[in-house]
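Residue-level structural notes
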Amino acid sequence: MRAAVLRDGHMVYRDDVPEPVPKAGQVLVAIRACGICGSDLHFADHGADVLSLTDRLGAGAFTGMDVDLSRDVFMGHEFSAEVLEAGPDTECAAPGTPVTSLPVLLSRTGVEPIVYSNSTMGGYAERMLLSAPLLLPIPNGLDLKHAALTEPMAVGLHAVNKSNIAPRETALVLGCGPIGIAIIAFLRARGVERIVASDFSPKRRELATMMGAHETLDAAQGSPFDTVKPTVVFEAIGVPGIIDDVLLRARPGSRLVVAGVCMEPDTFHPFFAIAKEISLQFCVAYSPEEFAESLRALAEGEIDVSPLITAEVSLDGVGAAFDDLADPERHCKILVTP
C-alpha cells in the first residue's frame, strides 16, 4: 500500500506499507482527502520536543503517544473517507458510504490516537482503520474534500465555545492561519457583530475577510489594540511574547482565549491580568459533540471552507507540500488526495 511517512524529520513516499486489516469493532476505509495540519509540520521539525513535553505531563494525559522517532511515523488526522469493509462481527455503514471520524482508533489494548504513531495508520495513505462506533456519515452530498476540514474547523468552534462570546461583543483574532480562520468562521456563524482579524500576511487577511471578518489589520503597522478595544481576544499565533503583550494592552475585564500552540517556554506578567481582571482561557482540540457540529455546519452550508483549500497533492507530493506551507502567501490548507 502507498503512504507518506515521517522519517528523520522529512516526509518520505513509500509503496510497501502493509495493508491494514480491521479487527472486531474496526472498519477499513479508503482515504479520499486528508488535510495537512500545522501540528504535523511542527512535529516534523520538533518531534523530540513534542514527545518530551507530552511525557512530562504524566501518564494518561495523551494516551498512545509512545512514538519512536528512529522508525517511520504515520500521520494525518484531518480526513474524509469511504467505507470498504468491516472487521469480524462489526456492524457499520455499507461499503461506499462517505464518512469521517474523530481521529481515534479503539482496540482491545486501549485508545490509539490517529495523530503520530509507528503502528496506527493516519490519513497520509491509501487506506486506514477507523472505529465503527465513531464513524460519522458525511451528509447532504458534502464534497469529501470539504468534509476533510471538519477536524480543523472543530478546533475553531471549540475556541469560540470556550470564549462564551455574545453577539454584541467585539472579537479580535490574532493570527489568520487555519485555526484563526476557523475561529473567524464560527464567530460569524454565531452572529458576532464585530470581528477584527490581525496578521502580517496580505493573503491571510484577504482570506479572513472572505471567511467572515468585518475588518482586518496589518500587524506590521502597529498593535491592533491601537485600533480596536475588543471584549474577547483569540490568540492563534502560538509564539512567545504574545500573551504578555495582550495582557498589557487589553482593556479591563476582557477575556483572552489561547488557541495557538506555543511549544517553547514563555513568560508573562500576572500583574497585568490581575490589575485588569482579565480572564485567561487555554484550549485545545474539541469534544465529540463539537466535531459533529462542525460537520453539520459544513454540510448545511453555514460555513463554506472552499476558500481555505489552496492546493492538492498526491502521496508522493506530501514532502514538497510540507515545504510549501512555510509560505503564508502561497497556501492555507493543502489536501492530500491519494
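Within every chain, residues take consecutive numbers counted from 1 along the sequence as written. Where local features are concerned, this predicted model is filtered to residues with pLDDT of at least 70; where side-chain atom pairs are given and counted, the filter is 80 or more; whole-chain, interface and lining totals use all residues. Hydrogens and water molecules were not included; the side-chain quantities draw on all heavy atoms of the structure.

As named in an unreviewed UniProt entry, the protein is Alcohol dehydrogenase, taken from Mycobacterium saskatchewanense.

Examining helix H1 (residues 38–56)
An α-helix turns once every 3.6 residues. As a result, residues three or four positions apart point the same way. Selection criterion: Labels follow the DSSP assignment, with helices taken as runs of H or I lasting at least four residues and strands as runs of E lasting at least two, numbered in each case from the N terminus. To estimate how far a helix should reach, multiply one less than its number of residues by 1.5 Å. To get the bend at any residue, fit one axis to the seven residues that end at it and another to the seven that begin at it, then take the angle between the two axes. Partly exposed residues are those whose accessible area sits between 20% and 50% of the maximum for their type, while under 20% is buried and over 50% is exposed, using a 1.4 Å probe and protein chains only. Residue contacts are defined here by distance: any two heavy atoms, one from each residue, within 4.5 Å place the two residues in contact.
Taking 1.5 Å of rise per residue, the 19 residues of H1 would be expected to cover 27 Å, yet its terminal C-alpha atoms sit only 22 Å apart, more than 12% below that figure. At His46, H1 shows its largest kink, close to 100°. Turning to H1, its buried residues are Asp40, Leu41, Phe43, Ala44, Gly47, Val50, Leu51 and Thr54. For H1, the elements touching its buried residues are strand E1 (3–7) and helix H9 (318–324).

Considerations on the side chain of His146
Structurally, His146 is set in helix H2 (residues 144–147). Ignoring any residue separated from it by four or fewer positions in sequence, one finds His146 in contact with Leu298, Asp304, Val305, Ser306 and Ile309.

Thoughts on the nonpolar core
Burial of nonpolar side chains together is a common tendency in soluble globular proteins. Rules: What makes a nonpolar core is a set of buried Ala, Val, Leu, Ile, Met, Phe, Trp, Tyr and Cys residues whose side-chain atoms join them at distances within 4.5 Å.
Ile36, Met75, Tyr124 and Phe322 are the most contacted members of the largest nonpolar core, which has 46 residues in total. Of all elements in the fold, only E1, strand E3 (26–35), H1, strand E4 (78–86), strand E8 (127–131), strand E16 (309–313), H9 and strand E17 (333–336) reach the threshold of two or more residues within this core.

Examining the packing of aromatic side chains
Convention followed: For this analysis, a ring pair means two rings from Phe, Tyr or Trp (six-membered ring only for Trp) whose centres lie within 6.5 Å, classed as stacked if their planes differ by under 30 degrees, edge-to-face if by over 60, and tilted for the remaining angles.
On inspection of all chains with the given rule, the structure shows three aromatic pairs. A centroid spacing of 3.9 Å and a plane angle of 5° characterise the contact between Phe43 and Tyr116, whose relative ring orientation is stacked. Placement of the pair is Phe43 in helix H1 and Tyr116 in the loop between strand E7 (110–113) and E8, with a sequence separation of 73 residues. Take Phe43 and Tyr116: they sit in the same class, and that class is buried. Seen in terms of ring centroids, Tyr286 and Phe291 are 5.7 Å apart; in terms of plane orientation they differ by 45°. Their pairing is tilted. A residue is classified by how much of its surface remains accessible, and Tyr286, at 16% relative accessible area, is buried.

Regarding the environment of Ile237
Within the fold, Ile237 resides in the loop between strand E13 (232–235) and helix H6 (242–249). According to the relative accessible area criterion, Ile237 is partly exposed, its value standing at 40%. C-alpha of Ile237 to C-alpha of Asp199: the two residues are 38 residues apart in sequence and 9.2 Å apart in space.

Thoughts on a nonpolar patch on the surface
The criterion, for reference: Every patch collects residues that have over 30% relative accessible area and no salt bridge, joining them within 9 Å if they carry like charges and within 5 Å if they are nonpolar side chains (Val, Leu, Ile, Met, Phe, Trp, Tyr). Accessible surface is estimated by sampling points in the Shrake-Rupley manner with a 1.4 Å probe; for residues, cover comes only from the protein chains shown. A pairing counts as a salt bridge when a side-chain nitrogen of Lys or Arg comes within 4 Å of a carboxyl oxygen of Asp or Glu.
Residues Phe268, Leu280 and Phe282 make up a contiguous nonpolar surface patch of roughly 260 Å² in combined accessible area. Looking at the secondary structure, you find Leu280 in strand E15 (residues 279–282). Take Leu280: its relative accessible area is 32%, and that puts it in the partly exposed class.

Section: the packing of helix H3 (residues 150–163) against helix H8 (residues 288–299)
Spelled out, the test is: Axis geometry follows a simple rule: fit a line to the C-alpha atoms, using only the stretch in contact for helices, then measure angles between N-to-C directions, giving values from 0 to 180 degrees. Small angles under 35 degrees read as roughly parallel and large ones over 145 as roughly antiparallel, with 65 to 115 read as roughly perpendicular and the rest as oblique. Throughout, a crossing is termed right-handed when the near helix is turned clockwise from the far one, and left-handed when it is turned anticlockwise from it by less than a right angle. Amino acid classes used here: Ala, Val, Leu, Ile, Met, Phe, Trp, Tyr, Cys and Pro are nonpolar; Asp, Glu, Lys and Arg are charged; the rest, including Gly, are polar.
At a minimum axis separation of 8 Å, H3 and H8 run at an interaxial angle of 115°. When the axes of H3 and H8 are compared, the pair comes out roughly perpendicular. Two packed elements cross with a definite hand, and for H3 against H8 that hand is right-handed. Where H3 approaches H8, its residues Thr150, Glu151, Met153, Ala154, Leu157, His158 and Asn161 are matched on the opposing element by Glu290, Phe291, Glu293, Ser294, Leu295 and Leu298. The residue makeup of the contact of H3 with H8, split by class, is six nonpolar, four polar and three charged.

Section: the sheet that holds strand E14 (residues 255–258)
Counted only if it meets this: Paired strands are those between which DSSP finds at least two bridges.
Across the sheet, six strands lie side by side as E12-E11-E10-E13-E14-E15; this open sheet has parallel pairing. The outermost strands of the open sheet, each flanked by one partner alone, are strand E12 (215–218) and E15. In this sheet, neighbouring strand axes are inclined to one another by 20° on average, regardless of whether the strands run parallel or antiparallel. One ladder, built from four bridges, connects strand E10 (residues 170–174) with E13; its direction is parallel.

Comments concerning unusual backbone geometry
Here the phi dihedral of Asp89 falls at roughly 55°; this positive angle occurs in a residue that is not glycine. Residue position: Asp89 is located in the loop between E4 and strand E5 (98–101). With phi around 60°, Ala285 is a residue other than glycine that occupies positive phi space.

Section: the environment of Arg296
As a reminder of what qualifies: Side-chain atoms alone can form a polar contact between residues adjacent in sequence; in general such a contact is a pair of N or O atoms within 3.5 Å, and within protein one must be able to donate a hydrogen while the other accepts it.
Tracing the backbone through its elements, the reader meets Arg296 in helix H8. As for Arg296 and Val17, which are separated by 279 residues in sequence, their C-alpha atoms are 34 Å apart. Polar side-chain contacts of Arg296 include one of 2.8 Å to the side chain of Glu302.

Some thoughts on the pattern of salt bridges
If you walk through the whole model with that rule in mind, you get 17 salt bridges. Its salt-bridge partner being Arg296, residue Glu302 comes within 2.8 Å of it at the nearest N-O pair. On the accessibility criterion, Glu302 (43% relative accessible area) is partly exposed. When salt bridges that share partners are traced, they join Arg7, Arg14, Asp16 and Asp72 into one network.

Examining the packing of H3 against helix H4 (residues 178–189)
At a minimum axis separation of 8 Å, H3 and H4 run at an interaxial angle of 60°. The angle between the axes of H3 and H4 places the two elements in the oblique class. Remark: the crossing between H3 and H4 carries right-handed chirality. Here Pro152, Met153, Val155, Gly156, Leu157, Ala159 and Val160 of H3 come into contact with H4, specifically with Ile179, Ala182, Ile183, Ala185, Phe186 and Leu187. Residues of the contact of H3 with H4, tallied by class, amount to twelve nonpolar, one polar and no charged.

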